[in-house]
Amino acid sequence: MQATASDASVSRDTILVDLALQGGGSHGAFTWGVLDRLLEETWLRIDGISGTSAGAMNAVVLVDGYEKDGPKGAQAALEDFWRRVSHSARFRPIRRSPLDILLGRWTLDTSPFFVAFDLAARVFSPYDMNPRGVNPLREVLAECVDFGRVANSSIRLFVTATNVRTGRGRVFRNSELTPDVLLASACLPTLFQAIEIDGEAYWDGGYSGNAAGFGATTSGCSPFCWLPGCYRCRAPRKELESRSRGCPISSRMLRWVLCPA
């Protein structure tokens, strides 16, 4: 008779693990499934989580649920979050075309609304197309996460967002986390206005570390060496400026060097 996961975990010693969760939009939904499975293992204990973009949201939602009701609470919180994200896009026109649905293709390449939006995004910036800076995820996060509970959690969190002016990643810890920090960590410059935190503008953390290795440097692991980059006086507000600024920031990822301890 095949043993279940819970049976197999009875005789195992508890192991502390640190998780690094990448961003990447819908990849976050896949990560939700992986986390849901890991949370079934009673012999695993999460000590810290480093996350960027969708990975940062998964991390914060998981920790909030875990603090509320242990692993079961974390599983329920993740499911509730992703259900809300799905429902928020229920009536949006950007979706697969009937042809793609018929052929079983998971792509938006033939969606007329997506093609039109993509073309507009190449000409106009979010400051033109979304002057009020509306982001449906802000409401979802406010409803799903108790940030006070996250701040007091024993599970350490490291969330990365990219400073637009310096191109450097800033790592936010538990007590610093807010809806704006998570939105900054997932802020794609061609879709959303830069998020201002403490007077600085921030973009998606994936430009400077996906997922962040910074958590490792504060946890006693081998440090990362980071070469300095260029600076900018303000957040770009035109589409072309956003793309040109993204190039040197993205190039920073090629300059990570893992140094021996």
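Residues numbered from 1 in each chain as written. Predicted model: local features only at pLDDT ≥ 70, side-chain atom pairs only at ≥ 80, totals over all residues. Heavy atoms only, no water.

### Section: the overall build of the protein
Working step 1: A tally of helices and strands in the protein yields 11 helices and 8 strands.
Working step 2: When burial is assessed residue by residue, the protein has 40% of its 261 residues classed as buried.
Working step 3: For the protein, contacts bridging at least 24 residues in sequence account for 70% of all contacts bridging at least 6. (Helix = DSSP H or I, 4+ residues; strand = E, 2+ residues; numbered from the N terminus. Buried < 20%, exposed > 50% of the residue type's maximum accessible area, 1.4 Å probe, protein only. Contact = heavy atoms within 4.5 Å.)

### Some details on helix α7 (residues 136-144)
Working step 1: Within the sequence span of α7, burial applies to V140, L141 and C144. Buried residues of α7, viewed axially, fall in a sector of 95°; they line one side. Pointing more than 90 degrees away from the buried face of α7 are the exposed residues E139 and A142.
Working step 2: Its side-chain oxygen 3.0 Å from the backbone nitrogen of L137, N135 forms the N-cap of α7. (Arc of directions from axis to C-beta. Polar contact = N/O pair within 3.5 Å; in protein donor to acceptor, adjacent residues only side chain to side chain.)

### Let's talk about the environment of Y127
Working step 1: If you trace the backbone, Y127 turns up in helix α6 (residues 126-129).
Working step 2: For the pair formed by Y127 and P189, sequence separation is 62 residues and the distance between their alpha carbons is 10.0 Å.
Working step 3: There is a polar contact of 3.3 Å between the side chain of Y127 and the backbone nitrogen of A194.

### Let's talk about the environment of A54
Working step 1: Inspection of the secondary structure puts A54 in helix α3 (residues 54-88).
Working step 2: Note on A54: relative accessible area 9%, which makes it buried.
Working step 3: Apart from the residues lying within four places of it in its own chain, the contact partners of A54 are Q22, G23, G25 and G28.

### Describing the packing of helix α2 (residues 27-38) against α3
Working step 1: Remark: α2 packs on α3, axes separated minimally by 9 Å, with the N-to-C direction vectors making an angle of 25°. The angle between α2 and α3 places the two elements in the roughly parallel class. In terms of crossing hand, the pair formed by α2 and α3 is right-handed. Facing G28, A29, T31, W32, L35 and D36 of α2, the residues of α3 in contact are A54, N58, L62, Q75, L78, E79 and W82.
Working step 2: Counted by class, the contact of α2 with α3 contains 7 nonpolar, 4 polar and 2 charged residues. (Axes fitted to C-alpha atoms, helices over the stretch in contact; angles between N-to-C directions. Parallel < 35°, antiparallel > 145°, perpendicular 65-115°, else oblique. Left-handed = near helix turned anticlockwise from the far one by under 90°. Nonpolar A, V, L, I, M, F, W, Y, C, P; charged D, E, K, R; others polar.)

### Regarding the nonpolar core
Working step 1: Of all hydrophobic cores here, the largest spans 46 residues; its most connected members are I49, V60, L62 and L177.
Working step 2: Ranked by the residues each element gives to this core, the list is headed by α3, at 12 residues. (Core = buried A, V, L, I, M, F, W, Y, C linked by side-chain atoms within 4.5 Å.)

### Considerations on unusual backbone geometry
Working step 1: We note that S53 has phi near 55°; this positive angle belongs to a residue other than glycine.
Working step 2: Here S53 is to be found in the loop between β2 (44-52) and α3.
Working step 3: With a phi close to 55°, D198 is a non-glycine residue in the positive phi region.
Working step 4: Among the secondary structure elements, D198 is positioned in the loop between β5 (195-197) and β6 (200-204).

### Regarding the confidence of the model for the protein
Working step 1: The predicted model of the protein averages 78 in pLDDT, with 76% of residues at 70 or higher.
Working step 2: This model gives residues 216-233 a pLDDT under 50, and the stretch forms 48 contacts once residues within four places in sequence are excluded.
Working step 3: Throughout residues 239-261 the model reports pLDDT below 50, and contacts reaching past four residues in sequence, or to other chains, amount to 58 contacts. (pLDDT = per-residue confidence, 0-100.)

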